[in-house]
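Letter by letter, the chains look like this.
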Amino acid sequence: EDNARKFPSPLEIVRKVFGGKSSIYVDSGRSVDSPDCVAGMFMLFPREVFQNVGGFDERYFLYYEDVDICARLTIGGYQILMCPMVSVIHDARRSSHKSLRYMRLHLISMLRFFSSSVYRKLQRGVEN
């Protein structure tokens, strides 16, 4: 499962739609790396950090809540860390590739993120 990547951009999404490659994280061979964001299938936070960034934004449903929280962590001065040696099995259904309902939910979440103040702050590099 592609579980780490650079923050998405609208241009990258358009590129992917037309068959381009995604900005999936490439393993550097180090024991710990720091990608922009990691997939929500397996995240660990100290409780205080999770509370400091306001937890998951409940306006997201199924998609982009992980991108949003990683963006808020970054804006808040936290670093996203990943240990490539750890393996977790996730049965990704990729429902948005097969169902119009899930594709719609995915698009709504994507638009919500790209139109959010979080995305604008991330683009400006503003902290808090």
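Residues numbered from 1 in each chain as written. Predicted model: local features only at pLDDT ≥ 70, side-chain atom pairs only at ≥ 80, totals over all residues. Heavy atoms only, no water.

A. Spotlight on the environment of Gln123. With respect to the element layout, Gln123 can be found in helix 5 (residues 117-124). Counting along the chain gives 116 residues from Gln123 to Phe7, while the straight-line C-alpha distance between them is 9.9 Å. (Helix = DSSP H or I, 4+ residues; strand = E, 2+ residues; numbered from the N terminus.)

B. A look at the packing of aromatic side chains. Under the counting rule described, the total for this entry stands at eight aromatic pairs. Arranged with centres 5.6 Å apart and planes meeting at 65°, the rings of Phe50 and Phe56 form a pair that is edge-to-face. For Phe50, a relative accessible area of 28% puts it in the partly exposed group. Judged by relative accessible area, Phe56 falls into the partly exposed class, the value being 34%. Site record: aromatic cluster; members linked through ring pairs are Tyr64, Phe113, Phe114 and Tyr119. Over the ring of Tyr102 we find Arg101; its NZ or CZ atom is 5.1 Å from the centre of that ring. The aromatic ring of Tyr60 is capped on one face by Arg112, whose charged end is 6.0 Å from the ring centroid. (Phe/Tyr/Trp six-rings, centres within 6.5 Å; stacked < 30°, edge-to-face > 60°. Buried < 20%, exposed > 50% of the residue type's maximum accessible area, 1.4 Å probe, protein only. Lys NZ or Arg CZ within 6 Å of the ring centre and 35° of its normal.)

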